[in-house]
Each structure stands twice: as structure tokens, then as C-alpha cells.
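# Observations on chain architecture
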Amino acid sequence: MTTTPVVGSALAPNYHPLPVTLATGEGAWVTDTDGRRYLDMLAGYSALNFGHRHPALVAAAHAQLDRLTLTSRAFDHDLLEPFAQALAGLVGPLLAGPSHLVLPMNTGAEAVETAIKASRKWGYEVRGVPADRATIVVADGNFHGRTTTIVSFSSDPDARRGFGPFTPGFVTVPYGDAAALARAIDETTVAVLLEPVQGEQGVVVPPLDYLAAVRRACDDAGVLLVADEIQSGLGRSGSTLACERFDVRPDLVTLGKALGGGIVPVSAVVGRADVLEVLTAGTHGSTFGGNPLACAVALAVVDLLTPGTLQARARTLGEHVGDRLDPLVDRGLLSDVRTIGLWAGVDVAPSAPGGPASGRELCERLLARGVLAKDTHGATIRLAPPLTVDVADLDTALDRLTDALTAR
């Protein structure tokens, strides 16, 4: 069989990457095909919380590759229950309810879809919502994935335009407005679905009392609180879950990205046993969900997080980042900075003399200085280096950011 060569790129154009092609990575550093090194200040949107090729995670993957990689859920394997027990042990004490279950999937969007399905089925079978009338309250500015159901309640026109008709059953309220959220809950509501911190929106941190007020509204109405911690969780916010920073316990939490250690896609819904038990055999599943290779890596991720040292380190380093970035606002080089844990949303000041006109331009300037970052929503870039980054490397990246804001 012969193939016809493709002229130009064979990739569909659904991304607009920076002009760099990466070949290798180690810790917080990556190297491109020309041999130039860059500090990775994006960390795969938090999928690489432990850096590139963390030795414990690579070792776990290598060992499992020699044993068993896939069974499908038609059969059990010897790491499935240990993974579920370990993840429930790490996250369960941070959730509402006396007992907890784990439902493994692959991608973050799959985890969110799973939480939506579980919430609806629980609403019909337990809360008594009339059939096919369940609603879920969501927040403006959210990002939960890109499936057709999820983009149905996105407020991003790029995510929605051209993909209708949209799935009904969602009520959108302003993020950070607990009173508006409470008013939106009615007899058809089964859950409130929120990001504790809106990552894709630019690391938007809610008012300090917001999530606690949301929790009270859910309790008063007898509906579920579902926290999407796919970006904010597993250490990024300076705690195992970002909800901890606000002293709030959700009923269900969606996890992904860092759960796979940057090696394999792994996601999960962890939550109250009485909620997840409504998903019985045949009602939901995934061929690759909870596969042996994924469980091996995710078990190693849980081991890294169990002592709590990485979470504490993220909080300490995040305070350092804030101390470095806040003066840039005072100098007029940035218009705003938001930090929580080792995670920062940085808004450029287009009027600053010699400064970048957009987040994209700032990322291009950083690329020229050997730092990788990603823009969002025009004027914002996000900084989310690996939680294992050296302090000296972190300061190097922040020095180069300062330079990029003042010189072309």
C-alpha cells in the first residue's frame, strides 16, 4: 500500500501554539528540536505538577508496562482496588459524607460528564426531581471541558459558536455571587457545579466567603455541590484540594490532569458513596477508565501527595511569586495579579510604555527569553510551574518576565 504525502501540516488547526517544537523534558526544563532549553511555567495546564519525567512516576510506568496495560472493565486487575482505596484515602476526608467511592475515567471532560450524569440520576432517584427535568447551576466564565454537553453551558463564544444545538438543563449565574446562585436553585436543581478557582478564565479566585455560602445554599436546598478540581486540585492551590483553602467540603469532586503525572491521561470522580452508587452496571463506563497503567501511575501520584510536603511547598512558593509580582502592578507594568498556591493569573497593562499589547505578545516575548507560558482571554497569562521547581529557576523565570514587560 502506498500513501500520498501531505503537503504542509496534517494536523487539524484547533490549536494556535507558540512557535516552538519540544523534544525532551526534565523537571521544570524542556528542550526544543534545536537544542534550546526553556523553563516550563505552564506545566501542561497543571498536568505536570510534578515536573517532566518525575523519576517515581516514570519508574511506576516502566514497571507496569512489563506486566499489564489494559483489561477493560470487563475484568478486574490487581491495581484497580488499591488505586481506588488510595485516592479515596487521600481525598475522601476532604469531602462531605461518611463514606466515599471512586469512579475512574480518562480525561477531565469525561470526569465532568460523569459527575453530571451521577448528579442527574441521584436527583431523579433520591431527590425526586421529575423525569428529564433536572437542572444544574453553573457559573459564568466556567471552563469544564469541550464536549458538546459542557460547551452548552460555556460563556466562551469560541467554545460555543458553531456547535449547537445545545444540551438543556443548566442555569448560569455570575461567579462569586452566592446570593444569585441561591436564588437560581429551585425544585428541579440537582447540583451546583463550580470551579473553586477558575483556571482557564485567568486564575480567578472567588471572594473568601463565597464557597462557604454556596455550600450553605446547597445544604439548605438539599442539592449536591460538585467541585471541578481538575486544574486546581492535587497540590496546585497549596493544598490537596483548593476547597480546603476555603474550608468547604464538596459532595463530589472531579480530578484529572496531575492525577496522571503528565504520563498518561487519568481522571476520576470521587465523592459520597450514596451518590455514586446510583451508577450501576451498564449505566456508565469507559474501556480505558481505570486501566492498569493508569492506576500504576496514579498510585505513585497519590504517594507523592500523601505526606503533604508538595502542597506546603506550593503554598510557600506561591507566596514568593506574589511578593515578586505584586510590585509590578505598583509600577504599572501589570494591571492585576491573582495568586493561590503556585498558580498566578497575570494581566498585562497595554498602556505601559514598551509593554506587550496582549497576553499572547507577552508569551512570545517570554519564549524569546527561554520561558514557556500561555495566554488566555486576550490580556492574561497564567503561570503554573511544576510544584517541584527550584527556587532559583522560579526566580529566573520571574526575572525574565520582568524584562519581557519592559523591553522588546
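Described in the following lines is the structure provided in the data block. Predicted model, so just to flag it, every value in this text is computed and none were measured. (Residues numbered from 1 in each chain as written. Predicted model: local features only at pLDDT ≥ 70, side-chain atom pairs only at ≥ 80, totals over all residues. Heavy atoms only, no water.)

### Regarding the nonpolar core
Cut-off, in case you're wondering: We define a nonpolar core as any set of buried Ala, Val, Leu, Ile, Met, Phe, Trp, Tyr and Cys residues linked to one another through side-chain atoms lying within 4.5 Å. Burial classes: relative accessible area under 20% of the type maximum marks a residue as buried, over 50% as exposed, and values in between as partly exposed (1.4 Å probe, protein chains only). Working rule for contacts: check all heavy atoms of both residues, and any pair within 4.5 Å makes them a contact.
Among the nonpolar cores identified, the biggest contains 74 residues, and L87, L325 and L383 are the most heavily contacted of them. Apart from residues no more than four positions distant in its own chain, L87 is found in contact with G92, V102, L255, L259, A268, V270 and V302. Of all hydrophobic cores here, the second largest spans 28 residues; its members include L103, A134, V190 and L252.

### Some points on the environment of V102
Short version of the rule: Helix numbering and strand numbering both begin at the N terminus, where a helix is a DSSP run of H or I of at least 4 residues and a strand a DSSP run of E of at least 2.
Within the secondary structure layout, V102 lies in strand β4 (residues 100-105). Judged by relative accessible area, which is 17%, V102 ranks as buried. Along the backbone, V102 and D220 are 118 residues apart, and their C-alpha atoms lie at a distance of 26 Å. Ignoring anything within four residues of it in the chain, the contact list for V102 reads F83, A84, L87, A88, A268, V269, V270 and L276.

### Examining the pairing of strand β15 (residues 380-383)
On any regular strand, side chains alternate: one points to one face of the sheet, the next to the other face. Defined as follows: Strand pairing is defined by DSSP finding a minimum of two bridges between the two strands.
The two faces of β15 match: T380 and R382 on one face and I381 and L383 on the other face are all buried. Examined bridge by bridge, strand β12 (residues 344-348) and β15 share four bridges and lie antiparallel to one another. Residue pairing across strands places V346 opposite I381, the latter belonging to β15. Two elements, strand β14 (residues 374-376) and β15, share three bridges in a ladder whose sense is antiparallel. Counterpart to D375 in the pairing with β15 is I381. Joining the antiparallel neighbours β14 and β15 is a turn of three residues, in which H377 adopts a positive phi near 50 degrees.

### Some thoughts on the packing of aromatic side chains
Note the threshold: Pairs were defined over the aromatic rings of Phe, Tyr and Trp, the Trp ring being its six-membered one, requiring ring centres within 6.5 Å. Orientation was assigned from the angle between planes: stacked under 30 degrees, edge-to-face over 60, tilted for the rest. A positively charged side chain is recorded as over a ring if its NZ (Lys) or CZ (Arg) lies within 6 Å of the ring centre. The angle to the ring normal must also be within 35 degrees.
If you walk through the whole model with that rule in mind, you get two aromatic pairs. Consider the rings of F153 and F170, whose centres lie 4.3 Å apart with planes at 35 degrees: the pair is tilted. Here the residue F153 occupies a position in the loop between α4 (148-151) and α5 (157-160), and F170 occupies one in strand β6 (residues 170-173), the gap between them amounting to 17 residues. Taken as a pair, F153 and F170 share a single burial class, namely buried. Relative to Y210, the ring of Y175 lies with its centre 5.4 Å away and its plane at 70 degrees, an arrangement referred to as edge-to-face. Placement of the pair is Y175 in the loop between β6 and α6 (178-184) and Y210 in helix α7 (residues 210-221), with a sequence separation of 35 residues. The buried category is assigned to Y210, whose relative accessible area is 1%. Above the face of the W29 ring, R37 is positioned so that its terminal group lies 4.2 Å from the ring centre.

### Structural notes on the layout of surface pockets
Selection rule: Cavities and pockets are found on a 1 Å grid laid over the protein atoms alone: a cavity is a set of points where a 1.4 Å probe fits but cannot escape, a pocket is an open set with protein on both sides within 12 Å along at least five of seven lines, and a lining residue has an atom within 4 Å of such a point. Grid points are joined across faces, edges and corners, and a volume is the space filled by probe spheres set on the points. Under this grouping Gly is polar, as are all residues other than the nonpolar Ala, Val, Leu, Ile, Met, Phe, Trp, Tyr, Cys and Pro and the charged Asp, Glu, Lys and Arg.
The space that makes up the second largest pocket amounts to roughly 640 Å³. Lining the second largest pocket are 25 residues, with R73, V102, L103, P104 and L279 positioned closest to its centre. At the level of secondary structure, the elements contributing two or more residues to the lining of the second largest pocket comprise α2 (80-91) and β4. Split into classes, the residues belonging to the lining of the second largest pocket amount to 12 nonpolar, 10 polar and three charged.

### Describing the side chain of T149
As a reminder, the rule being used: Under the rule applied, a polar contact is a pair of N or O atoms within 3.5 Å (in protein, one hydrogen donor and one hydrogen acceptor; residues adjacent in sequence only if both atoms are side-chain atoms).
Residue position: T149 is located in helix α4. In this structure T149 comes out as buried when scored by relative accessible area, which is 14%. One polar contact links T149 to T167, side chain to side chain, over a distance of 3.4 Å. Residue contacts for T149: discarding those within four places in its chain leaves E113, I116, T167 and F170.

### Some thoughts on the sheet that holds strand β5 (residues 135-139)
Threshold: An axis is simply a line fitted to the C-alpha atoms; with a helix, the fit covers only the stretch in contact. Between two such axes, the angle follows the N-to-C directions and lies from 0 to 180 degrees.
Sheet architecture is open: seven strands sit in the order β4-β10-β9-β8-β7-β5-β6, paired in mixed fashion. Each edge of the sheet is formed by a strand with only one pairing partner; in this case those strands are β4 and β6. Shown here is a sheet whose adjacent strand axes are inclined to one another by a mean of 20 degrees, direction ignored. In the packing of α7 onto the sheet, contacts are made with β7 (189-194) and β8 (224-228), and the angle to β7 comes to roughly 170 degrees.

### Looking at α2
Here is the rule we go by: One less than the residue count of a helix, multiplied by 1.5 Å, gives the span that helix is expected to have. By construction, the arc corresponds to the directions joining the helix axis to the C-beta atoms.
Here α2 spans 17 Å end to end across 12 residues, near enough to the 16 Å set by a 1.5 Å rise per residue. Inspection of α2 places L80, F83, A84, L87, A88, L90 and V91 among the buried residues, and these make up the whole buried set. Considered in projection along α2, the buried side chains sweep an arc of 160 degrees and stay on one side of the axis. In this fold, the buried residues of α2 make contact with β4, β9 (252-255), β10 (267-272) and α9 (292-305).

### Description of the sheet that holds β15
Whether parallel or antiparallel, the strands of a sheet pair through hydrogen bonds between backbone atoms. Read from one edge to the other, the open sheet built from four strands follows the order β11-β12-β15-β14, with strand pairing classed as antiparallel. With partners counted over all chains shown, the strands left at the sheet margins are β11 (334-339) and β14, one partner each. Direction aside, neighbouring strands of the sheet carry axes that sit 25 degrees apart on average. Helix α10 (residues 309-330) contacts β11, β12 and β15 of the sheet and is inclined by roughly 160 degrees relative to β11.

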